[in-house]
Amino acid sequence: ELKVEQNPLFLSMQEGKNYTIYCNYSTTSDRLYWYRQDPGKSLESLFVLLSNGAVKQEGRLMASLDTKARLSTLHITAAVHDLSATYFCAVDIGLAGGTSYGKLTFGQGTILTVHP
Amino acid sequence: GAGVSQSPSNKVTEKGKDVELRCDPISGHTALYWYRQRLGQGLEFLIYFQGNSAPDKSGLPSDRFSAERTGESVSTLTIQRTQQEDSAVYLCASSLVGLAGKNNEQFFGPGTRLTVL
């Protein structure tokens, strides 16, 4: 059974600081997704990582995937208050033919609070 | 429509009543998913549809829960004889998986907040 673990689960940051959220998973996969959820809202897709070594950047957020280590990171640079939200990673184990298995397994989420 | 829509946005019901939640996926998305999110927690997978069939319904918590999809479009999640522990936000998502192959990026609806009194 695929297990996806994020850490930390709670992250309190000062504005302007850098930090990294980690997402470890237990089964071989080369397809990983990051989502953001604001309080009371639905999930918004942030990044799609579909190969070993994939790196994507959007504004102050950068995501990477290391399939050998079964690890993805979400790096926050010079945090601002608007980044306060819950961040989820999700993994798709895929099928032998390369297509999607069709189901994402989500991590527990990391609640990020950025304060002045 | 432009995105995934769900109705109702909020539902308050009495214990023991049946409820029906609706999801309209993005047009052309063959895959549809239902998740449950309890307060302050992560997403629990409930069921996955590919077209109108459900290859994986392993997450449905009991036989009080059922779901169907028709016309490779709208899906309904039905909870019979609701219990207080069913209170949660029910999220629906859709994706192009099956057409795009590898990329299973899922697009989420706004959710239905269910409260069972």
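Structural notes, computed from the coordinates. Here the structure is a predicted model, which means the values were calculated and not measured.

Counting residues at the interface gives 22 residues for chain A and 22 residues for chain B. Along the contact surface separating chain A from chain B lie one salt bridge. Its salt-bridge partner being Asp56 of chain B, residue Lys103 of chain A comes within 3.7 Å of it at the nearest N-O pair. At the boundary of chain A and chain B, one finds five residue pairs in polar contact (both at pLDDT 80 or more). Across the side of chain A that touches chain B, the residue classes break down as nine nonpolar, nine polar and four charged.

Moving on, we come to the pattern of salt bridges. Residue and element names in this part refer to chain B. Counting across every chain of the model gives seven salt bridges over all chains. Linking Arg36 and Glu44 is a salt bridge whose minimum nitrogen-to-oxygen distance equals 3.3 Å. Residue class for Arg36 comes out buried when judged on its relative accessible area of 4%. One continuous salt-bridge network, built from bridges that share partners, spans Arg36, Arg38 and Glu44.

All names here are of chain A. Pairing is antiparallel across the open sheet formed by five strands, whose spatial order is S1-S3-S8-S7-S6. Lying at the two open borders of the sheet, with one neighbouring strand each, are strand S1 (4–7) and strand S6 (55–58). Across this sheet, the average inter-strand angle for adjacent strands is 15 degrees, counted without regard to direction. With six bridges joining them, strand S3 (residues 19–25) and strand S8 (residues 71–76) adopt antiparallel strand pairing. Of the residues in S8, the one forming a bridge with Cys23 is Ser72.

One number sums up the size of the largest pocket: a volume of about 650 Å³. Looking at the largest pocket, it is lined by 34 residues, and the ones nearest its centre are Gln37 and Gly40 of chain A together with Gln37, Leu39 and Gly40 of chain B. Mapped onto the lining of the largest pocket, the elements with two or more residues apiece are strand S9 (85–91) and strand S11 (110–115) of chain A together with strand S9 (88–95) and strand S11 (112–116) of chain B. With four residues, S11 of chain B is the single largest residue contributor to the lining of the largest pocket. Across the lining of the largest pocket, the residue classes break down as 13 nonpolar, 17 polar and four charged. What lines the second largest pocket is a set of 15 residues, among which Glu1, Leu2, Lys3, Thr105 and Phe106 of chain A lie closest to the centre. Residues of the lining of the second largest pocket, tallied by class, amount to eight nonpolar, three polar and four charged.

Thresholds, definitions, all that
- Residues numbered from 1 in each chain as written.
- Chains lettered and ligands numbered in written order.
- Predicted model: local features only at pLDDT ≥ 70, side-chain atom pairs only at ≥ 80, totals over all residues.
- Heavy atoms only, no water.
- Contact = heavy atoms within 4.5 Å.
- Salt bridge = Lys/Arg side-chain N within 4 Å of Asp/Glu carboxyl O.
- Polar contact = N/O pair within 3.5 Å; in protein donor to acceptor, adjacent residues only side chain to side chain.
- Nonpolar A, V, L, I, M, F, W, Y, C, P; charged D, E, K, R; others polar.
- Buried < 20%, exposed > 50% of the residue type's maximum accessible area, 1.4 Å probe, protein only.
- Pairing = 2+ DSSP bridges.
- Helix = DSSP H or I, 4+ residues; strand = E, 2+ residues; numbered from the N terminus.
- Axes fitted to C-alpha atoms, helices over the stretch in contact; angles between N-to-C directions.
- 1 Å grid on protein atoms, 1.4 Å probe; cavity = no way out; pocket = protein on both sides within 12 Å on 5 of 7 lines; lining within 4 Å.
- Points joined across faces, edges and corners; volume = space filled by probe spheres on them.

By themselves, these are just geometric observations and shouldn't be taken as functional.
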